[in-house]
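Here are the chains, one letter per residue:
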Amino acid sequence: MSILYEKVKRTVTVGRNPGQKYLAKVYVPSTIDEKQVAQDISDSTSLTYGDCLNAIRSLCEIISRYNRNSIRVRLSDLGTFSPAFHAQVQATLDDVTDDTIKRCYTRFYPSVYLDKSMKSTGVRLRLANAKGYQDPNA
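Residues numbered from 1 in each chain as written. Predicted model: local features only at pLDDT ≥ 70, side-chain atom pairs only at ≥ 80, totals over all residues. Heavy atoms only, no water.

Once that is clear, we can look at the pairing of strand 1 (residues 2-12). As defined by bridge partners, strand 1 adjoins strand 6 (residues 122-125) across four bridges and the pair is classed as parallel. Bridge assignment links Ile-3 to a residue of strand 6, and that residue is Val-123. Here eight bridges tie strand 1 to strand 2 (residues 19-26), and the two strands are oriented antiparallel to one another. Each bridged residue has a counterpart across the sheet, and for Val-8 the counterpart in strand 2 is Leu-23. From the end of strand 1 to the start of strand 2, which pair antiparallel, there are six residues, and Gly-15 there has a positive phi angle of about 95°. (Pairing = 2+ DSSP bridges. Helix = DSSP H or I, 4+ residues; strand = E, 2+ residues; numbered from the N terminus.)

Here's what the structure looks like:
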């Protein structure tokens, strides 16, 4: 397995050397949803498709509920889902209020297993003429 990438041209406007630059960008051809994940789990286990789909949906609800109550959820081989927020910096302690918290969200930290799995994955250039793709032979 390998992660596909494509070469793209970007205009950099900040930093020491602004101008046209080139970089590798992950190419993601599609996205699967919980129905496909449930089908894949069902195909590789003795669980039914409906059981898998219900378990995935319940997991999402449970993670959300715990995070909304300031509780971190750790799933050993997957990773940790932690409650987080963005807050504005204030000059004094008394200025810090609920109003200085601007956005609440869940942050995901991959497990050591998942992180090692991704780090050991190779990369491969996607050879296609997509928007922004720079043909090395041109």
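Past the structure itself, the notes keep going.
Taken in spatial order, the three strands of this open sheet run 2-1-6, and their pairing is mixed. Each edge of the open sheet is held by one strand with a lone partner, namely strand 2 and strand 6. Put simply, the sheet's adjacent strands are angled 40° from each other on average, direction ignored. (Axes fitted to C-alpha atoms, helices over the stretch in contact; angles between N-to-C directions.)

What follows deals with the packing of aromatic side chains. Aromatic rings considered in pairs are described by the distance between their centres and by the relative angle of their planes. Inspection of every chain in the model, using the stated rule, returns one aromatic pair. Measuring from centroid to centroid gives 4.9 Å for Phe-81 and Phe-108, while their planes differ by 45°, and the two rings are tilted. Taken together, the positions of Phe-81 in strand 4 (residues 79-87) and Phe-108 in strand 5 (residues 101-110) put the pair 27 residues apart, joining distant regions of the chain. The aromatic ring of Tyr-105 is capped on one face by Arg-103, whose charged end is 4.4 Å from the ring centroid. A cation over a ring is seen here: Arg-126 above Tyr-27, with NZ or CZ 3.7 Å from the ring centre. (Phe/Tyr/Trp six-rings, centres within 6.5 Å; stacked < 30°, edge-to-face > 60°. Lys NZ or Arg CZ within 6 Å of the ring centre and 35° of its normal.)

Going through the model one piece at a time under the given rule, you end up with four salt bridges. Residues Lys-25 and Glu-6 are paired through a salt bridge, measuring 3.8 Å at the closest nitrogen-oxygen approach. Linking Lys-25 in strand 2 with Glu-6 in strand 1, this pair joins segments that are 19 residues apart in sequence. Arg-57 is the salt-bridge partner of Glu-34, the closest N and O atoms lying 3.6 Å from each other. You can see Glu-34 sitting in helix 1 (residues 34-44) and its partner Arg-57 sitting in helix 2 (residues 49-68), a full 23 residues away along the chain. Residue Arg-57 is classed as partly exposed on the basis of its relative accessible area of 36%. Residues participating in the shared-partner salt-bridge network are Glu-6, Lys-25 and Arg-126. (Salt bridge = Lys/Arg side-chain N within 4 Å of Asp/Glu carboxyl O. Buried < 20%, exposed > 50% of the residue type's maximum accessible area, 1.4 Å probe, protein only.)

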